[in-house]
6 protein chains.
Amino acid sequence: MSVQQASAAKPSILVVSAHAADFVWRAGGAIALYAERGYHVRIVCLSFGERGESAKMWRQPGMTMDRVKVARREEAERAAEILGGTLECFDLGDYPLRVPDEALLRLADIYRDIRPELVLTHSREDIYNFDHPLATHVAQEARIIAQAHGYKPEVPVIGAPPVFLFEPHQPEQCNWKPDVLLDISAVWEKKQRAFTTMAAQEHLWEYYTRVALQRGAQATRNSDRKITHGEGYARIFPQVSEVLA
Amino acid sequence: MSVQQASAAKPSILVVSAHAADFVWRAGGAIALYAERGYHVRIVCLSFGERGESAKMWRQPGMTMDRVKVARREEAERAAEILGGTLECFDLGDYPLRVPDEALLRLADIYRDIRPELVLTHSREDIYNFDHPLATHVAQEARIIAQAHGYKPEVPVIGAPPVFLFEPHQPEQCNWKPDVLLDISAVWEKKQRAFTTMAAQEHLWEYYTRVALQRGAQATRNSDRKITHGEGYARIFPQVSEVLA
Amino acid sequence: MSVQQASAAKPSILVVSAHAADFVWRAGGAIALYAERGYHVRIVCLSFGERGESAKMWRQPGMTMDRVKVARREEAERAAEILGGTLECFDLGDYPLRVPDEALLRLADIYRDIRPELVLTHSREDIYNFDHPLATHVAQEARIIAQAHGYKPEVPVIGAPPVFLFEPHQPEQCNWKPDVLLDISAVWEKKQRAFTTMAAQEHLWEYYTRVALQRGAQATRNSDRKITHGEGYARIFPQVSEVLA
Amino acid sequence: MSVQQASAAKPSILVVSAHAADFVWRAGGAIALYAERGYHVRIVCLSFGERGESAKMWRQPGMTMDRVKVARREEAERAAEILGGTLECFDLGDYPLRVPDEALLRLADIYRDIRPELVLTHSREDIYNFDHPLATHVAQEARIIAQAHGYKPEVPVIGAPPVFLFEPHQPEQCNWKPDVLLDISAVWEKKQRAFTTMAAQEHLWEYYTRVALQRGAQATRNSDRKITHGEGYARIFPQVSEVLA
Amino acid sequence: MSVQQASAAKPSILVVSAHAADFVWRAGGAIALYAERGYHVRIVCLSFGERGESAKMWRQPGMTMDRVKVARREEAERAAEILGGTLECFDLGDYPLRVPDEALLRLADIYRDIRPELVLTHSREDIYNFDHPLATHVAQEARIIAQAHGYKPEVPVIGAPPVFLFEPHQPEQCNWKPDVLLDISAVWEKKQRAFTTMAAQEHLWEYYTRVALQRGAQATRNSDRKITHGEGYARIFPQVSEVLA
Amino acid sequence: MSVQQASAAKPSILVVSAHAADFVWRAGGAIALYAERGYHVRIVCLSFGERGESAKMWRQPGMTMDRVKVARREEAERAAEILGGTLECFDLGDYPLRVPDEALLRLADIYRDIRPELVLTHSREDIYNFDHPLATHVAQEARIIAQAHGYKPEVPVIGAPPVFLFEPHQPEQCNWKPDVLLDISAVWEKKQRAFTTMAAQEHLWEYYTRVALQRGAQATRNSDRKITHGEGYARIFPQVSEVLA
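Residues numbered from 1 in each chain as written. Chains lettered and ligands numbered in written order. Predicted model: local features only at pLDDT ≥ 70, side-chain atom pairs only at ≥ 80, totals over all residues. Heavy atoms only, no water.

1. A closer look at the overall build of chain A
Moving on, step 1. Helix and strand counts for chain A come out as 8 helices and 8 strands.
Moving on, step 2. Along the first, second and third principal axes, the C-alpha atoms of chain A reach 55 × 45 × 35 Å.
Moving on, step 3. Evaluated residue by residue, chain A yields a buried proportion of 67% over its 245 residues.
Moving on, step 4. Put simply, of all contacts in chain A between residues at least 6 apart along the chain, 77% involve residues at least 24 apart.
Moving on, step 5. Accessible surface for chain A amounts to roughly 8,300 Å². Of this, 51% is attributable to carbon and sulfur atoms.
Moving on, step 6. Computing the positive centroid from 29 side-chain charges and the negative centroid from 32, chain A places the two 3 Å apart. (Helix = DSSP H or I, 4+ residues; strand = E, 2+ residues; numbered from the N terminus. Buried < 20%, exposed > 50% of the residue type's maximum accessible area, 1.4 Å probe, protein only. Contact = heavy atoms within 4.5 Å. Areas by Shrake-Rupley, 256 points an atom, 1.4 Å probe, with all protein chains shown as cover. Lys, Arg positive; Asp, Glu negative; His and termini not counted. Charge placed at Lys NZ, Arg CZ, Asp CG, Glu CD.)

2. Remarks on the packing of aromatic side chains
Moving on, step 1. Evaluation of the coordinates by the stated rule reveals 36 aromatic pairs over all chains.
Moving on, step 2. Between B:Tyr207 and B:Tyr208, the ring centres sit 5.2 Å apart and the planes meet at 70 degrees, which makes this aromatic pair edge-to-face.
Moving on, step 3. Each member of the aromatic cluster is reached from another via a ring pair, and the members are A:Trp25, A:Trp188, A:Phe195, A:Tyr207 and A:Tyr208.
Moving on, step 4. The ring of D:Phe90 is capped by D:Arg106, whose NZ or CZ atom sits 3.9 Å from the centre of that ring.
Moving on, step 5. One Lys or Arg, E:Arg37, reaches over the ring of E:Tyr34 and ends 5.0 Å from the middle of that ring. (Phe/Tyr/Trp six-rings, centres within 6.5 Å; stacked < 30°, edge-to-face > 60°. Lys NZ or Arg CZ within 6 Å of the ring centre and 35° of its normal.)

3. Focus: the arrangement of the chains
Moving on, step 1. Considering only C-alpha positions, the minimal separation of the non-contacting chain C and chain D is 17 Å.
Moving on, step 2. If you take every C-alpha in chain A and every C-alpha in chain E, the smallest gap between them is 17 Å, and the two do not touch.

4. Considering the relation of the copies chain A and chain C
Moving on, step 1. When chain A is fitted to chain C, the residual RMSD is 0.0 Å, and the transformation amounts to a turn of 120 degrees plus an axial shift of 0.0 Å. The superposition of one copy onto the other is thereby described by a three-fold rotation axis. (Least-squares fit on C-alpha atoms with pLDDT ≥ 70 in both.)

5. Side note on the confidence of the model for chain A
For residues with low pLDDT, the predicted coordinates do not support detailed interpretation.
Moving on, step 1. Averaged over chain A, the pLDDT score is 95; the fraction of residues at 70 or greater is 97%.
Moving on, step 2. For this predicted complex, the interface confidence comes out at an ipTM of 0.94, alongside a pTM of 0.96. (pLDDT = per-residue confidence, 0-100.)

6. Topic: the interface of chain A and chain C
Moving on, step 1. Between chain A and chain C, the residue contacts involve 16 residues of the former and 15 residues of the latter.
Moving on, step 2. There are 2 salt bridges connecting chain A and chain C.
Moving on, step 3. A:Glu141 is paired through a salt bridge with C:Arg98; the nearest N and O atoms lie 3.1 Å apart.
Moving on, step 4. Summed over the shared surface of chain A and chain C, the result is 3 residue pairs in polar contact (both at pLDDT 80 or more).
Moving on, step 5. Listed by contribution, the elements that provide at least two residues to the side of chain A that touches chain C are helix 5 (101-114) and helix 6 (131-147) of chain A.
Moving on, step 6. Looking at the side of chain A that touches chain C element by element, the count peaks at 5 residues for helix 6 of chain A.
Moving on, step 7. Among the residues forming the side of chain A that touches chain C, the class breakdown is 9 nonpolar, 4 polar and 3 charged. (Salt bridge = Lys/Arg side-chain N within 4 Å of Asp/Glu carboxyl O. Polar contact = N/O pair within 3.5 Å; in protein donor to acceptor, adjacent residues only side chain to side chain. Nonpolar A, V, L, I, M, F, W, Y, C, P; charged D, E, K, R; others polar.)

7. Some points on helix 7 (residues 188-195) of chain F
Residue and element names in this part refer to chain F.
Moving on, step 1. Among all positions in helix 7, only Trp-188, Lys-191, Ala-194 and Phe-195 are buried. In an axial view of helix 7, the angular spread of the buried residues amounts to 125 degrees, which keeps them on one side of the axis.
Moving on, step 2. Buried residues along helix 7 sit in contact with helix 2 (22-36), helix 4 (65-83), helix 8 (205-221) and strand 7 (230-235). (Arc of directions from axis to C-beta.)

8. Here's the deal with the packing of helix 2 (residues 22-36) of chain A against helix 7 (residues 188-195) of chain A
Residues and elements named next belong to chain A.
Moving on, step 1. At a minimum axis separation of 9 Å, helix 2 and helix 7 run at an interaxial angle of 130 degrees. Here helix 7 runs oblique to helix 2, going by the angle between their axes. Note that helix 2 runs across helix 7; the crossing there is right-handed. On the side of helix 2, the interface is formed by Val-24, Trp-25, Arg-26, Gly-28, Gly-29, Ala-32 and Glu-36, while helix 7 contributes Lys-190, Lys-191, Ala-194 and Phe-195. (Axes fitted to C-alpha atoms, helices over the stretch in contact; angles between N-to-C directions. Parallel < 35°, antiparallel > 145°, perpendicular 65-115°, else oblique. Left-handed = near helix turned anticlockwise from the far one by under 90°.)

9. Thoughts on the interface of chain A and chain B
Moving on, step 1. Listed as interface residues are 33 residues of chain A and, on the opposing side, 33 residues of chain B.
Moving on, step 2. Across the chain A to chain B interface the summed buried area is about 2,800 Å²; carbon plus sulfur atoms make up 55%.
Moving on, step 3. When residues of chain A are sorted by the area they lose upon contact with chain B, A:Gln239, A:Val240 and A:Leu244 head the list and together hold 27% of the total.
Moving on, step 4. If you look at where chain A meets chain B, you find 0 salt bridges.
Moving on, step 5. At the boundary of chain A with chain B, the tally comes to 16 residue pairs in polar contact (both at pLDDT 80 or more).
Moving on, step 6. Counting residues per element, the ones that place at least two in the side of chain A that touches chain B are helix 2, strand 4 (118-121), strand 6 (180-183), helix 8 (205-223), strand 7 (230-235) and strand 8 (239-241) of chain A.
Moving on, step 7. Here strand 6 of chain A pairs with strand 8 (residues 239-241) of chain B via 3 bridges, running parallel. (Buried area = accessible area lost by both parts, 1.4 Å probe. Pairing = 2+ DSSP bridges.)

10. Observations concerning the relation of the copies chain A and chain B
Moving on, step 1. In the superposition of chain A on chain B (RMSD 0.0 Å, axial shift 0.0 Å), the rotation amounts to 180 degrees. The symmetry that links the two subunits is that of a two-fold axis. Relative to the rotation axis, the closest C-alpha in chain A is found at A:Asp179, a distance of 4.6 Å.
Moving on, step 2. In this assembly the copies share their binding face: 100% of the residues contributing to the interface of chain A also contribute to that of chain B.

11. As for the state of the cysteines
Moving on, step 1. Tallied over the full model, the rule gives 0 disulfides over all chains.
Moving on, step 2. Looking at the unpaired B:Cys45, the closest cysteine sulfur is the one in B:Cys89, lying at 5.2 Å.
Moving on, step 3. The cysteine E:Cys174 is free of any disulfide, with F:Cys174 supplying the nearest cysteine sulfur at 18 Å.
Moving on, step 4. Given a relative accessible area of 2%, E:Cys174 falls into the buried group. (Disulfide = S-S within 2.5 Å.)

12. Description of the environment of E:Leu14
All names here are of chain E.
Moving on, step 1. Examined against the element boundaries, Leu-14 turns out to sit in strand 1 (residues 12-17).
Moving on, step 2. Considering only alpha carbons, one finds Leu-14 and Tyr-111, 97 residues apart in sequence, at a separation of 7.9 Å.
Moving on, step 3. Discounting residues that sit within four places of it in the chain, Leu-14 has contacts with Arg-42, Val-44, Leu-107, Ile-110, Tyr-111, Ile-114, Pro-116, Leu-118, Val-119 and Leu-120.

13. Things to note about the sheet that holds strand 1 (residues 12-17) of chain C
Moving on, step 1. The strand order 3(C)-2(C)-1(C)-4(C)-5(C)-7(C)-6(C)-8(E) describes an open sheet built from 8 strands, whose pairing is mixed. In this open sheet, the two strands that pair with only one neighbour each are strand 3 (86-89) of chain C together with strand 8 (239-241) of chain E. Mean inter-strand twist for the sheet, computed between neighbouring axes without regard to direction, equals 25 degrees.
Moving on, step 2. By the bridge criterion, 3 bridges tie strand 5 (residues 163-166) of chain C to strand 7 (residues 230-235) of chain C in an arrangement that is antiparallel. When the sheet's bridge partners are listed, C:Leu165 is paired in strand 7 of chain C with C:Ala234.

14. Details of the side chain of A:Asp126
All names here are of chain A.
Moving on, step 1. Within the secondary structure, Asp-126 sits in the loop between strand 4 and helix 6.
Moving on, step 2. Nearest to the buried, unbridged Asp-126 among oppositely charged side chains is Arg-26, at 6.1 Å.
Moving on, step 3. In terms of polar contacts, Asp-126 uses its side chain to reach the backbone amide nitrogen of Tyr-128, at 2.9 Å.
Moving on, step 4. A distance of 2.9 Å separates the side chain of Asp-126 from the side chain of His-132, its partner in a polar contact.
Moving on, step 5. Once residues within four sequence positions are removed from consideration, Asp-126 is found in contact with His-132, Pro-133, Pro-168 and Cys-174.

15. Things to note about the pairing of strand 4 (residues 118-121) of chain F
Residue and element names in this part refer to chain F.
Moving on, step 1. Across the two faces of strand 4 the burial is the same, with Leu-118 and Leu-120 and Val-119 and Thr-121 all buried.
Moving on, step 2. Here strand 1 (residues 12-17) pairs with strand 4 via 3 bridges, running parallel. Directly across from Ile-13, in strand 4, lies its bridge partner Leu-118.
Moving on, step 3. Pairing analysis gives 3 bridges linking strand 4 to strand 5 (residues 163-166), with the strands arranged parallel.

16. Here we look at the environment of A:Ala212
Residue and element names in this part refer to chain A.
Moving on, step 1. Tracing the backbone through its elements, the reader meets Ala-212 in helix 8.
Moving on, step 2. Each C-alpha atom of the pair Ala-212 and Val-155 lies 40 Å from the other, and the pair is 57 residues apart in sequence.
Moving on, step 3. Aside from chain neighbours lying at most four places away, what touches Ala-212 is Trp-188, Thr-228, His-229 and Gly-230.

17. Concerning the pairing of strand 7 (residues 230-235) of chain D
Residue and element names in this part refer to chain D.
Moving on, step 1. Of all 6 residues making up strand 7, 6 are buried, and the element is well covered by its neighbours.
Moving on, step 2. Residues Gly-230, Gly-232 and Ala-234 of strand 7 are buried on one face, and the alternating residues Glu-231, Tyr-233 and Arg-235, pointing to the opposite face, are buried as well.
Moving on, step 3. Bridge analysis of strand 6 (residues 180-183) against strand 7 gives 4 bridges, and the strand direction is antiparallel. Opposite Leu-182, over in strand 7, you have Glu-231 as the bridge partner.

18. Remarks on the pattern of salt bridges
Moving on, step 1. Within the structure shown, the criterion is met by 91 salt bridges over all chains.
Moving on, step 2. A salt bridge links B:Glu88 to B:Arg106; the nearest nitrogen and oxygen atoms lie 3.2 Å apart. Separated by 18 residues along the polypeptide, B:Glu88 in strand 3 (residues 86-89) and B:Arg106 in helix 5 (residues 101-114) bring together distant segments of the chain.
Moving on, step 3. According to the relative accessible area criterion, B:Glu88 is buried, its value standing at 13%.
Moving on, step 4. In this structure, the salt-bridge partner of D:Glu75 is D:Arg72, at a minimum N-O distance of 3.4 Å. On the criterion of helical spacing, the pair formed by D:Glu75 and D:Arg72 is a turn pair, its members being 3 residues apart in helix 4 (residues 65-83). Accessibility assignment for this pair places D:Glu75 and D:Arg72 in one class, buried.

As structure tokens, then:
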């Protein structure tokens with residue numbers, strides 16, 4: 001199914017991921033939940049994580065950048081498929097990621113095209129990974145551009161979709177705090193299946209299983225409901241609501 | 001209608017207000033909204049604001065503490081009635097408010113009794129009014145006690161109702177930030193009617209009308225919906241949810 | 001009157017505005033106050049706000065970028081004139097604003113030229129508008145360059161003019177806090193007249209009137225003086241003084 | 001072995017725990033490590049957690065406060081013994097914990113008596129448990145009193161033992177950040193054995209096993225050493241050192 | 001000169017000091033400056049610092065609490081006299097300082113009596129000294145009470161004097177930041193003379209001389225004026241002004 | 001001794017300095033300490049500070065950029081030699097410093113080459129000097145790149161050396177807090193000798209002598225050891241340790 005077909009006439013959400021695997025570890029549950037609800041979930045990977053998140057492949061003799069990219073793309077596509085999302089790769093390079101204004105505007109055009117109801121991306125700080133704060137900056141700046149009437153005035157502007165920041169690897173060190181604990185119990189099996197396709201990062205499977213269990217336990221404690229697995233998100237914008245919940 | 005009758009078999013919310021007028025200015029919209037939805041809204045006023053928020057009365061010659069208290073209680077009851085809430089006064093004194101453990105436990109018992117779905121109270125900092133941070137501390141500590149199985153073990157414990165902190169008079173100076181912008185457009189007329197009963201603080205009518213309009217405009221901007229009046233609340237606990245919105 | 005003539009032999013202040021209208025909403029009172037006191041007030045607009053703040057114009061059929069720029073420049077000049085300031089447009093584009101080093105040094109040269117006693121510019125954070133934090137970064141970096149003896153060593157360096165950050169549209173969300181409440185009661189009529197020339201942003205007239213009234217009320221409360229209209233500013237640098245006031 | 005005998009002529013550390021179980025979940029690894037190194041580890045429990053952390057017992061019919069306290073004390077003593085620490089119970093009550101000045105001075109006297117090289121206690125904030133911030137306040141204030149020459153001038157003052165704050169149940173919500181990741185791999189088996197004696201809180205066994213594994217993985221990542229289990233601590237005071245490590 | 005005489009018909013400032021020496025180290029420059037300008041400077045010492053700041057005296061054999069208090073009072077009076085202030089001792093004890101409501105109201109009455117134009121007191125945090133945050137809390141709460149019309153309604157309320165927080169011993173550790181650098185060059189000799197009367201704390205003479213020189217150098221750097229000695233203060237309330245300086 | 005020879009088979013540390021003098025004022029003690037212990041200390045100066053920190057030279061008539069650079073390099077080399085470090089100059093220019101990706105990767109290659117045990121660089125904020133935050137950003141990003149297996153896969157990646165941020169000129173204004181107070185008493189004489197070679201900044205000699213004395217006094221107070229001179233550092237990453245000290 002092409003990117004164009006995928007988005008026709010469906011509500012949508014947008015996920016902006018610095019590297020090919022981030023969206024799986026950090027937002028796999030949300031993606032699966034919304035895909036099951038009939039949403040088009042567009043996942044933009046700014047890079048394949050070819051340098052920074054492919055240690056296992058690089059340990060093989062004779063490895064090349066092209067082979068790593070191909071393999072990471074395949075993994076990411078398989079994971080996206082399991083979760084129900086549609087992958088789009090910008091192939092901008094990583095470590096360091098650099099985002100030229102053309103890529104920023106390409107992302108703004110995606111906002112205009114799919115008109116997402118919400119946006120998921122990285123935390124604003126990450127002392128372990130400078131590509132992450134850049135990715136969130138770009139995701140937010142593209143959103144602002146897509147709101148501007150004078151940018152491509154012939155295309156309708158978007159509204160104000162809320163932005164949720166996914167959990168970094170070491171949350172306290174990134175001054176990230178979960179404002180929302182999303183109950184992903186119903187789709188946990190899918191998320192787990194998706195990330196076990198990420199052969200390059202096998203050492204993280206158990207780590208992120210524990211993250212999901214801890215956030216689930218905390219969600220239970222904060223709600224008095226029985227929740228087994230959770231994903232944490234930080235908000236940027238105030239929630240607008242008719243209820244307090 | 002007695003406090004006991006009011007709470008029978010209804011869902012409820014709890015509002016903990018340091019002084020008799022705080023709940024009107026700061027949470028009048030939420031109270032009216034929830035009352036219209038059939039909730040029992042219990043409003044606990046720790047004091048009448050007899051010293052700190054009754055300047056106008058004290059300017060009258062021969063005024064006494066008793067007369068001020070009676071007048072403030074009448075005003076607060078009238079306002080609560082307009083909003084649809086049920087008032088309960090602890091009469092602990094203000095400027096300075098002091099809360100003995102008996103009052104803390106009385107509040108814990110109210111939690112146990114009405115089992116609120118959510119709690120509204122003051123911000124954690126207020127450099128202009130030290131009774132406010134104390135009120136929120138007490139409201140939160142009583143909630144924790146009501147959750148403890150060993151406190152009055154014969155009475156069922158409560159779950160984990162979320163706590164929302166209402167907007168202080170000068171929000172930035174109190175390090176308060178609105179995490180939720182509540183749309184109170186539908187009940188604005190009621191809120192306005194309620195606070196115009198507060199004759200002692202006439203100078204604040206216009207101030208809080210503007211606050212509601214600003215929060216309404218900001219709610220519009222953050223949601224792309226048309227909202228005329230808003231109330232801001234800060235969250236303490238992470239939201240537990242199956243959606244990101 | 002040319003920029004050169006305007007600055008001759010007068011004390012001066014510098015205002016650095018990301019878009020053509022920002023200086024009016026956010027610093028119009030300060031500009032009018034200082035102009036009335038005989039100061040040369042140089043207003044640098046990095047862009048015309050042609051994309052992001054001209055929604056109303058873009059809704060007209062057949063609108064072009066050039067026509068928007070011309071109109072915004074005219075509005076800005078009219079507003080500057082009413083306030084008593086002198087406008088200088090860098091025309092760097094907005095949404096996204098991008099500032100090449102040439103523009104940074106041009107601004108540094110303005111610092112050297114007019115030697116401002118104080119500087120007004122945007123807040124350091126603005127989740128709704130990424131041009132604003134960039135503008136304040138540029139305004140501050142240019143100031144630092146103008147202080148360096150080795151930059152154009154033949155031109156005298158400047159001292160250490162304090163920098164004041166004006167109020168963003170949604171202050172709490174930008175972690176902005178007013179360190180100074182400036183009494184603009186005496187010039188409010190001018191500020192109001194200036195911003196009503198901004199036809200492109202009519203929806204903001206009432207919003208910023210309320211901002212001025214709230215800051216005025218807060219200024220009264222913090223000073224016990226009668227102040228009707230105020231403007232809030234955050235400080236960057238410590239105040240150096242012989243009094244505590 | 002009595003408290004008096006335990007402390008004779010050994011280096012020591014002090015652990016101040018609000019409830020009987022806190023020291024096990026939060027500092028069990030540090031206690032075991034230092035006990036193995038020959039330290040006297042004094043564990044002061046301000047309360048038994050008889051109300052707030054004994055839910056399982058209170059669900060038994062006919063339970064009494066005395067029986068809960070006895071059971072919690074036995075559990076805590078067993079855990080302390082496994083870890084190698086010496087327990088001292090202040091029995092001040094919990095939910096709410098209240099600490100009279102006599103208890104504060106009793107703690108100051110313990111500082112003077114055992115002269116700890118370091119102090120472990122709770123985080124400064126805990127929105128889920130107000131006894132914890134009070135416990136850390138008391139632990140710190142007692143330390144300051146024990147440093148004062150005029151308090152019991154006949155007893156030698158203590159120096160400046162560093163204070164480490166242990167990890168709260170939901171760390172981000174408490175604005176707690178690990179400044180030190182302590183490698184407890186060597187004593188993990190002891191810690192696990194100790195907390196499985198806490199029958200009243202069986203539901204937490206898996207939770208805190210995962211905490212230890214996550215902190216271990218993070219310790220590995222921050223050091224490039226192989227560490228399986230960790231405990232996180234926040235510092236209050238700057239580290240004084242001849243190396244940067 | 002009695003306290004009553006001192007305050008007659010003069011403008012005044014109020015200094016609230018936890019211990020007898022704090023006002024000298026931390027606010028001696030401000031006191032001297034304002035005294036020279038004809039202000040009545042009332043210095044309230046909540047304690048003599050008899051336990052926590054009198055180490056040198058306690059090292060003398062046979063020292064008693066009474067002798068320490070007498071000596072500290074004399075020192076403080078001598079220092080106040082040099083600076084031009086009027087000392088008032090509450091003798092509440094230190095390490096720990098405890099402030100009953102009677103003392104709080106006594107302080108509120110002093111506010112009403114002298115109607116200070118500004119207030120100087122401790123920082124809000126001090127991890128080395130818990131008496132300091134308590135002193136600032138009391139100083140601020142008393143100010144709020146003195147503003148309340150219903151507290152002693154027969155005595156006129158005060159306005160809104162700004163509050164300045166003096167520099168703690170280790171400023172960064174107390175999250176204290178200088179918002180104002182006060183030029184005390186003109187009175188430095190007096191401040192130095194005053195603190196050299198504090199025989200009990202001789203080891204601090206050089207330390208606070210260096211503090212004054214560093215703050216002076218920083219004041220120079222932030223103002224381009226020549227300033228040799230400075231004192232730093234943090235603000236609590238926004239400054240209300242007709243100028244930005 | 002060449003850079004290549006210097007690093008052979010020794011443990012090493014890396015210092016990244018924005019300007020030629022920063023490493024002396026801010027890290028001279030650490031450099032001398034580690035050099036004495038047999039470490040190779042590589043000092044990378046991104047610029048000579050030719051514009052921003054050479055005021056004294058620029059006041060000489062006929063001064064040229066080349067002459068300033070030569071003089072600053074000589075000074076820096078002399079200082080590095082006294083301290084025992086090895087200087088490497090990137091000559092990227094200052095005020096404003098701009099770091100192209102080539103320079104970033106050159107720095108990453110140095111990480112790979114010398115494999116430092118620890119890294120010293122600037123604070124993350126500095127409102128007085130924007131070159132400093134850029135330098136720390138580059139130092140940290142280069143470290144992350146050097147950790148990535150896919151960057152120059154034929155060269156072994158580095159581990160996770162901790163990063164320490166040195167004290168800015170006005171620490172509180174930069175939100176910098178000392179997490180470590182390094183005892184430099186043993187090498188103070190060397191540090192002092194090194195910075196007195198910096199003829200261009202003679203006015204800072206006394207300032208930084210006082211900084212060292214204050215940090216020494218604070219180190220004493222936090223440790224109860226006698227320390228005359230100190231250097232403060234902020235940590236970025238959590239410390240991984242088997243002790244709490």
